[in-house]
Structure formats: C-alpha cells, structure tokens
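Structure assessment
Chain by chain, the residues run as shown.
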Amino acid sequence: MITFWQYSWLSGRLKSKKSVNFMEFIPYLQPLVSPTPTSTGCNIIFVHKDDKSLQFSSVGLANFTSIADGLAWWDFIQCYMDVAEPLPNAPTLEVCRHLDPTTAKHDVAIGRDPRYWRDMSEQEYEAAEQAMAEKVARAFH
C-alpha cells in the first residue's frame, strides 16, 4: 500500500490521508538532461491508473545516472512491495529483515547471517557492490 498525506499549507495540519494499492500505479521512465547536456540520467514517475493526482517519483530517493540504474531501481521496488517474497538483499534493509514474516522465514530457511552486510570488510563490500553493478549491466543493457 502507498499512503498519501495532504497537509494544510497554512496550519500544517493533516487534511486527508489516502491509501492505495501499489499495483494500481503505472511507472513511467523519464530521461533527464541537465541544463548543460553533459550529465544525463533518468527518473521514474509512478502515476495512479485512475486518479492522476496520485503520483510520486524517484526524485530525492535515488540518483540514477543511467536508464539501466532506473530499471534496476524499478525492479528493486517491485521486489520490496511484493509481500509474498522476501525483502531484497540490500544493506539498507538488513536492520529490518527480521520484522517481515516472509523475509524472516526465508532467512532462517537459507541460513542467512542476520549481520551479512554489517559484518563485511570494506573489500568484501566493494566486491559485492561491483558484483551487483555487473548484474545490473548484464540485465538491463
């Protein structure tokens, strides 16, 4: 579920709150070019299929330097939002993996170390980061 909060700009009080199923959003890949066309990237905008006023984007959440990065993030978000599958194996999600029942069961079944990312050396982390970048390059190029 995606929840939108609308606040009054004068008082700062909550005016309304609306929750919508994530599956009702359509993703759009938006190529971006800087004012000097030396830097490019992309943005993903999620627009509700019926109510076009309900939308959010990756701006501020991720910095994509290529379309492949944007597509990889879209894949990550789909995995994150799928409650039938374990959370993606990402450093930022490690501290909360045990709170998700599906992920906790999966991690016990495969014998995943709860501190997999946190106990890595800097060299191991860089190697894992490089392996992920290569996987993204193979999948989306």
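Quick notes on the rules
- Counting restarts for each chain, with residues numbered from 1 along the sequence as it is written.
- Local features in this predicted model are restricted to residues of pLDDT 70 or higher, and side-chain atom pairs are both shown and tallied only at a pLDDT of 80 or more, whereas totals for entire chains, interfaces and linings draw on every residue.
- Water and hydrogen atoms play no part in the side-chain values, which are based on all heavy atoms of the structure.
- Here the rule is simple: two strands pair whenever DSSP picks up at least two bridges between them.
- Numbering goes from the N terminus for both helices and strands, where a helix is a DSSP run of H or I of at least four residues and a strand is a run of E of at least two.
- Angular values range over 0 to 180 degrees, each being the angle between N-to-C directions of two axes fitted as lines to C-alpha atoms, with helices fitted over their stretch in contact.
- Note on contacts: a residue pair is in contact if any heavy atoms of the two residues lie within 4.5 Å.
- We call Phe, Tyr and Trp rings a pair once their centres come within 6.5 Å, taking the six-membered ring for Trp, and we label the pair stacked below 30 degrees between planes, edge-to-face above 60, and tilted otherwise.
- Buried means the residue's accessible area, taken with a 1.4 Å probe over protein chains only, is under 20% of the maximum for its type, while exposed means over 50%, and partly exposed covers the values in between.
- A carboxyl oxygen of Asp or Glu within 4 Å of a side-chain nitrogen of Lys or Arg is what we treat as a salt bridge.
- On a range of 0 to 100, pLDDT expresses the predictor's confidence in each residue.
- Any helix carries an expected span of 1.5 Å times its number of residues minus one.
- By nonpolar core we mean a set of buried residues, namely Ala, Val, Leu, Ile, Met, Phe, Trp, Tyr and Cys, connected to one another through side-chain atoms within 4.5 Å.

1. Let's talk about the sheet that holds strand S5 (residues 55–57)
What the 3 strands build is an open sheet, ordered S3-S4-S5; its pairing is antiparallel. Of all strands in the sheet, those with a lone pairing partner are strand S3 (25–33) and S5, marking the two edges. Across the sheet, the mean angle separating the axes of adjacent strands is 25° when strand polarity is ignored. Across 9 bridges, the pairing between S3 and strand S4 (residues 40–48) is antiparallel. By the bridge assignment, Ile-26 is partnered in S4 with Val-47. Where helix H1 (residues 67–81) meets the sheet, its contacts fall on S3 and S4, and the angle it forms with S4 comes to roughly 35°.

2. Some remarks on the packing of aromatic side chains
Scanning all chains against the criterion turns up 10 aromatic pairs. Measuring from centroid to centroid gives 6.1 Å for Phe-22 and Trp-74, while their planes differ by 40°, and the two rings are tilted. Placement of Phe-22 in the loop between strand S2 (14–20) and S3 and of Trp-74 in helix H1 is noted, with a sequence separation of 52 residues between them. Judged by centre distance (5.5 Å) and plane angle (65°), the ring pair of Phe-25 and Phe-56 falls under edge-to-face. You can see Phe-25 sitting in strand S3 and its partner Phe-56 sitting in strand S5, a full 31 residues away along the chain. For Phe-56, a relative accessible area of 23% gives the class partly exposed.

3. Let's talk about the pattern of salt bridges
Applying the stated criterion across every chain, the model contains 6 salt bridges. Two residues, Arg-118 and Glu-94, come together in a salt bridge whose shortest N-O distance is 2.8 Å. Pair noted here: Arg-118 is in the loop between helix H2 (101–110) and helix H3 (122–140) and Glu-94 is in the loop between H1 and H2, with a separation of 24 residues, a long-range link. By relative accessible area, which is 3% here, Glu-94 ends up buried.

4. Here's the deal with the side chain of Arg-112
In this fold, Arg-112 is placed in the loop between H2 and H3. When neighbours within four sequence positions are excluded, Arg-112 is seen to be in contact with Asn-89, Glu-94, Arg-97, Asp-107 and Trp-117.

5. Side note on the confidence of the model for the protein chain
Looking at the protein chain, the pLDDT average stands at 88 and 96% of residues meet or exceed 70. Per-element averaging of pLDDT across the protein chain places S3 at the bottom with 84 and H2 at the top with 96.

6. Structural notes on H1
In a regular helix each residue adds 1.5 Å, so 15 residues correspond to 21 Å; H1 covers 21 Å between its end C-alpha atoms and thus fits that length. Every buried residue of H1 is accounted for by Ala-68, Gly-70, Ala-72, Trp-73 and Ile-77. Each element contacted by the buried residues of H1 is listed here: S4 and H3.

7. A few points about the nonpolar core
Membership of the largest hydrophobic core is limited to 12 residues, which are Ile-2, Phe-4, Val-20, Phe-22, Phe-25, Cys-42, Ile-44, Phe-46, Leu-54, Phe-64, Trp-73 and Ile-77. Elements that contribute at least two residues to this core include exactly strand S1 (2–7), S4 and H1. Of all the elements, S4 adds the most residues to this core, at 3 residues. If sequence neighbours within four positions are ignored, Ile-44 has contacts with Pro-27, Tyr-28, Leu-29, Phe-56, Ser-57, Ser-58, Phe-64, Gly-70, Trp-73 and Trp-74.

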